[in-house]
Amino acid sequence: MAHKALDIANKLLSHAANNGEGELMSNMKLQKMLYYQQGFHLAYFKTPLFDENIEAWMYGPVVPSVYEYFKGKGSTGLEPLGDEIVLSDVEETLFNEVFNVYGAYSASGLMNMTHQESPWLNTPTGVGNTITLDKLEQFFKTRLK
């Protein structure tokens, strides 16, 4: 079952505040983390983690609805929105693994990584240009261990 992107965003923010380094995540880093969570979920489960599209913007992948929700915060750290959703045990395990690996990078580090990856490279850059689920699934299948 796919979730709302804002619920997954909140889960990421909560993990950053409580389980990571205790630092709040910026909107830019949040966008890249959503991309990595969606990509690995598609590759592993063959279903999307959330329903909303990811677009190829100038600074990398963006979920427009989540970006719009938090854009007033600028580059400051984002506070979690409240209680986080609970995923199935296997989804939770994958979520945590992806968070632990990619959460260690800075927002600009993640942006630079996404700019080297085929889903972003093979999608025209700009608002409204969706990175397809198929592109994500095919690319992230090559990254599964």
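Relevant structure appears above.
This one's a predicted model, so the numbers in the text were calculated from it and none came from an experiment. (Residues numbered from 1 in each chain as written. Predicted model: local features only at pLDDT ≥ 70, side-chain atom pairs only at ≥ 80, totals over all residues. Heavy atoms only, no water.)

### Considering the packing of aromatic side chains
What the rule picks out here adds up to 11 aromatic pairs. Between Tyr35 and Phe140, the aromatic rings sit 5.4 Å apart at their centres with planes inclined by 70°, giving edge-to-face as the arrangement. Remark: Phe140 occurs in helix H7 (residues 133–141) and Tyr35 occurs in helix H2 (residues 27–45); sequence separation between them is 105 residues. For the pair Tyr35 and Phe140, a shared accessibility class is recorded, and that class is buried. In textbook terms, an aromatic cluster arises when at least three aromatic residues are bridged by ring pairs, as seen for Tyr35, Tyr36, Phe40, Tyr102, Tyr105, Phe139 and Phe140. (Phe/Tyr/Trp six-rings, centres within 6.5 Å; stacked < 30°, edge-to-face > 60°. Helix = DSSP H or I, 4+ residues; strand = E, 2+ residues; numbered from the N terminus. Buried < 20%, exposed > 50% of the residue type's maximum accessible area, 1.4 Å probe, protein only.)

### Some details on the packing of H2 against helix H4 (residues 89–102)
Contact pair H2 / H4: the axes reach a minimum separation of 10 Å and the direction vectors enclose 135°. In terms of orientation, H2 lies oblique with respect to H4. You can see that H2 and H4 cross each other, and the crossing is right-handed. Side by side, H2 and H4 meet where Lys29, Met33, Tyr36, Gln37, Phe40, His41, Tyr44 and Phe45 of the first sit next to Val90, Glu91, Leu94, Phe95, Val98, Phe99 and Tyr102 of the second. (Axes fitted to C-alpha atoms, helices over the stretch in contact; angles between N-to-C directions. Parallel < 35°, antiparallel > 145°, perpendicular 65-115°, else oblique. Left-handed = near helix turned anticlockwise from the far one by under 90°. Contact = heavy atoms within 4.5 Å.)

### Structural notes on unusual backbone geometry
Even without glycine at this site, Lys46 takes up a positive phi of about 65°. By the element assignment, Lys46 lies in the loop between H2 and strand S1 (54–57). Judged by relative accessible area, Lys46 falls into the exposed class, the value being 53%.

### Some details on the packing of H2 against H7
The contact between H2 and H7 brings their axes to 8 Å, and the two run at 75°. Compared by their axis directions, H2 and H7 come out roughly perpendicular. Taking contact as the criterion, the partners of Tyr35, Tyr36, Gln38, Gly39, Phe40, Leu42 and Ala43 in H2 are, on H7, Leu133, Leu136, Glu137, Phe139, Phe140 and Lys141. When grouped by side-chain class, the residues that make up the contact of H2 with H7 number 9 nonpolar, 2 polar and 2 charged. (Nonpolar A, V, L, I, M, F, W, Y, C, P; charged D, E, K, R; others polar.)

### Thoughts on the pairing of S1
Residues of S1 alternate between two faces, with Ile54 and Ala56 on one and Glu55 and Trp57 on the opposite face, all of them buried. The pairing of S1 with strand S3 (residues 130–131) spans 2 bridges and is antiparallel. Of the residues in S3, the one forming a bridge with Glu55 is Thr130. As paired strands, S1 and strand S2 (residues 60–62) are joined by 3 bridges and run antiparallel to one another. Across the sheet, Trp57 pairs through a bridge with Gly60, a residue of S2. The antiparallel pairing of S1 with S2 creates a hairpin that spans 2 residues between the two strands. (Pairing = 2+ DSSP bridges.)

By themselves, these are just geometric observations and shouldn't be taken as functional.
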